[in-house]
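# Understanding the architecture of this molecule
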Amino acid sequence: MRTARLRTVHPVLWAGWAALAAGAVLCVLGWYGVSGERYAERQLPYLASCTVPGAALIIAGAVLLTHGRTALAAARVEELYGLLVAAEPVDTEETGQAANAPLAVSGDLLMVPGGTLWHRADCPLVAGKAEAVPVDSKLVASGELGPCPICEPVEETD
């Protein structure tokens, strides 16, 4: 998945850099031609043939670079999301667990101080973190904490 997506992004980035470079060269040539001419009617051909297309290439290059970097970032986010959510345990086939088994099933609820979500104790986002503490029911009741979308804990009713 990663290599296929990145292969389509790199040509866009290269095309963006090439368009920026070509646009800069055309703008410099246009400026050089305009600066050597005294009369406006002799400057217009340089503007029309070098400076305007050069500026258009610079804009096109900037758009291509922005699109390529956005696509690259999106590919990385998709890859990380796939690693986080879609990863199955290695021994799933050996134990006979269903493929749709939830990631976390613990009844204990934890939160990270300063965080905005509460989690099951075996949620991959808080599992093994020493700073994770039991959920404060006042924060949940006030709406300051929301349920984790990964482990989908249910709110305790005390």
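What you see is a predicted model; the values in this text were computed from it and never measured. (Residues numbered from 1 in each chain as written. Predicted model: local features only at pLDDT ≥ 70, side-chain atom pairs only at ≥ 80, totals over all residues. Heavy atoms only, no water.)

### Notes on the overall build of the protein
Keep this limit in mind: In DSSP terms, a helix is any run of H or I states spanning at least four residues, a strand is any run of E spanning at least two, and both are numbered starting from the N terminus. Exposure categories follow from relative accessible area, calculated using a 1.4 Å probe and restricted to protein chains: below 20% of the type maximum is buried, above 50% is exposed, and the middle band is partly exposed. When checking whether two residues touch, look at their non-hydrogen atoms; a contact exists if any pair is within 4.5 Å.
Along the backbone of the protein there are four helices and four strands. Ordered by position in the sequence, the α and β elements of the protein form the string α-α-α-β-β-β-α-β. Within the protein, the proportion of its 158 residues that are buried is 22%. A sequence separation of at least 24 residues applies to 60% of the contacts in the protein between residues at least 6 apart.

### Topic: the sheet that holds strand β4 (residues 146-147)
Spelled out, the test is: Should DSSP find at least two bridges between two strands, the strands are regarded as paired.
The four strands lie next to each other as β3-β1-β2-β4, forming an open sheet whose pairing is mixed. At either end of the open sheet lies a strand with only one pairing partner, and these are β3 (133-134) and β4.

### Things to note about the environment of Trp17
Take Trp17: it is sitting in helix α1 (residues 2-35). Dropping the residues within four chain positions of it, Trp17 is found in contact with Leu65 and Arg69.

### Some thoughts on the nonpolar core
The cut-off we apply is this: Take the buried Ala, Val, Leu, Ile, Met, Phe, Trp, Tyr and Cys residues and link them wherever side-chain atoms come within 4.5 Å; each set so joined is a nonpolar core.
Grouped together as the largest cluster of nonpolar side chains are seven residues: Leu110, Cys123, Val126, Ala132, Cys148, Ile150 and Cys151. In this structure, Leu109, Met111, Val140 and Leu145 belong to the second largest nonpolar core, which totals five residues.

### Considering the pairing of strand β2 (residues 117-120)
Across three bridges, the pairing between strand β1 (residues 109-111) and β2 is antiparallel. Bridged to Leu110 within β2 is His119. In this structure, the hairpin formed by β1 and β2 is closed by a connection of five residues, where Gly114 is found at a positive phi of approximately 90°. By the bridge criterion, two bridges tie β2 to β4 in an arrangement that is parallel. Note that in β4 the partner of Leu117 across the bridge is Gly146.

### A short note on the environment of Val12
Residue placement: Val12 occurs in helix α1. Along the chain, Val12 and Thr66 lie 54 residues apart, while their C-alpha atoms are 9.5 Å from each other. If we ignore the near neighbours within four places in the chain, the residues touching Val12 are Leu64, His67 and Gly68.

### Some remarks on the environment of Trp14
On the secondary structure map, Trp14 appears in helix α1. The spatial distance from the C-alpha of Trp14 to the C-alpha of Leu65 is 8.2 Å, given a sequence separation of 51 residues.

### Quick look at helix α2 (residues 40-85)
Stated formally: For a helix, the expected span equals 1.5 Å multiplied by the number of residues minus one. In this analysis the local bend is the angle between axes fitted, respectively, to the seven residues ending at and the seven residues starting at the residue.
Counted at 1.5 Å a residue, the expected span for α2 with its 46 residues is 68 Å, and the 64 Å between its end C-alpha atoms agrees. Roughly 45° is the biggest bend found in α2, and it falls at Leu47. Every buried residue belonging to α2 is among Cys50, Gly54, Gly61, Leu65, Gly68, Ala71, Leu72 and Ala75, and all of these are buried.

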